[in-house]
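An overview of the molecular structure
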Amino acid sequence: MKAICARRPVIFVLALAISLLALFSPAEAAGQGTAPAPPKLKRGINILGYDGIWEGGRNAPFRLDNLTAIKRAGFSHVRINFFGFKFMGAGNQLDEIVLRRLDAVIEEVLARNLIPVLDEHDTHVCQQDVPGCAEKLKAFWRQIAERYAGKYPKLVFEVLNEPGGQMTSAAWNTLLNECLGIIRATNPTRTVIAAILNVDEMPVEELALPPDDRNLIVTFHYYSPLRFTHQGAPWSEIFSRVGPLDWGTPEDERKARADFEKMRIWSERERRPIYLGEFGVYEAAPAEARTRYLSFMARHAERLGWAWAYWQFDHDFAAFDTARQSWKPEIIRALIPATR
């Protein structure tokens, strides 16, 4: 008994030390704080990609009070598609007036209890001019990260929409990790979304992420098969002449499941959350086939525990009729079925 009593203070000290070590990680000891687990984005919708709000309201069908409709419909987040490069002046400096508009959008999103995802959306530049993209993208995130350091903790950064084209996986990994370093210098606990290369093969296994950065979400977009999802699209010389095409055969579903399964296997092995950041069907598709496709993708992503964001709120692929200020019922039912 005496020996046991003599060991009690030692045991207590060891327990206290272990508790303190659990509370304070090396990052906190360095004054950076412990990164929280990535937030549950759940269901979302893409907004403002081609809206004139950034230019001061010209040709701007999106109204900020539409965010209330988005929240009431059952969405949890919005993905703000922001083309930052065109608002850069000398030295790649972002226009302060446009940044103030971005501040206002973020604040309106947060006021509706929605999570804002800020997505740098200059796909075409980055797919065609990799060196030019790299310079601008790093300048963009240096300014954005400094601007929002310590602000809007629910705000999520998405480094770049759909890297691909002339950009290889090796080039993207280099640029992605440089941007993550820039962001982490001022936003050590910010959730960040990183895309896989946007090519048909979906090469998620080629994505190289910092192993000790666990506050990252990996995203991919899904529009397969393009002949179906883009049928009748007037901007495409090929797809504008395609249709009407159906979707929903057992083979159609098998192909989608196989593609999602590839992402699931990687996600579980690497312990990284997955985000289906875009999926949609152009409005020229047969209505029943369109809703069948959307419902399948949304429900399958949810069964796998993934967040998703529909492309998009208005303009083309639209889920919302801005003229009537109402949801397109067949699309909203496919995305968020009514609960009984």
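Structure: see above.
Presented here is an overview of the structure given in this document. (Residues numbered from 1 in each chain as written. Predicted model: local features only at pLDDT ≥ 70, side-chain atom pairs only at ≥ 80, totals over all residues. Heavy atoms only, no water.)

**A short note on the packing of helix 9 (residues 250-270) against helix 10 (residues 287-303)**
Packing of helix 9 against helix 10 leaves a shortest axis separation of 11 Å and a crossing angle of 35 degrees. Helix 9 and helix 10 meet at a crossing whose hand is right-handed. Between helix 9, through Glu253, Ala256, Arg257 and Phe260, and helix 10, the contact on the second element is made entirely by Phe296, Met297, His300 and Ala301. Split into classes, the residues belonging to the contact of helix 9 with helix 10 amount to five nonpolar, one polar and two charged. (Axes fitted to C-alpha atoms, helices over the stretch in contact; angles between N-to-C directions. Helix = DSSP H or I, 4+ residues; strand = E, 2+ residues; numbered from the N terminus. Left-handed = near helix turned anticlockwise from the far one by under 90°. Contact = heavy atoms within 4.5 Å. Nonpolar A, V, L, I, M, F, W, Y, C, P; charged D, E, K, R; others polar.)

**Quick word on the side chain of Asn92**
Relative to the assigned elements, Asn92 resides in the loop between strand 2 (77-82) and helix 4 (96-111). Relative accessible area serves as the criterion here: at 9%, Asn92 is assigned to the buried category. A polar side-chain atom of Asn92 sits 3.1 Å from a polar atom in the side chain of Lys136. Excluding anything up to four places from it in sequence, Asn92 contacts Glu135, Lys136, Ala139 and Gln143. (Buried < 20%, exposed > 50% of the residue type's maximum accessible area, 1.4 Å probe, protein only. Polar contact = N/O pair within 3.5 Å; in protein donor to acceptor, adjacent residues only side chain to side chain.)

**A closer look at the sheet that holds strand 6 (residues 216-222)**
In space, the eight strands of this closed barrel follow the order 1-2-3-4-5-6-7-8, with parallel pairing throughout. Going across the sheet, the axis of each strand differs from the next one's by a mean of 25 degrees, ignoring polarity. Looking at chain direction, strand 6 and strand 7 (residues 274-279) are connected through five bridges and run parallel. Counted as the bridge partner of Val218 is Ile274 from strand 7. (Pairing = 2+ DSSP bridges.)

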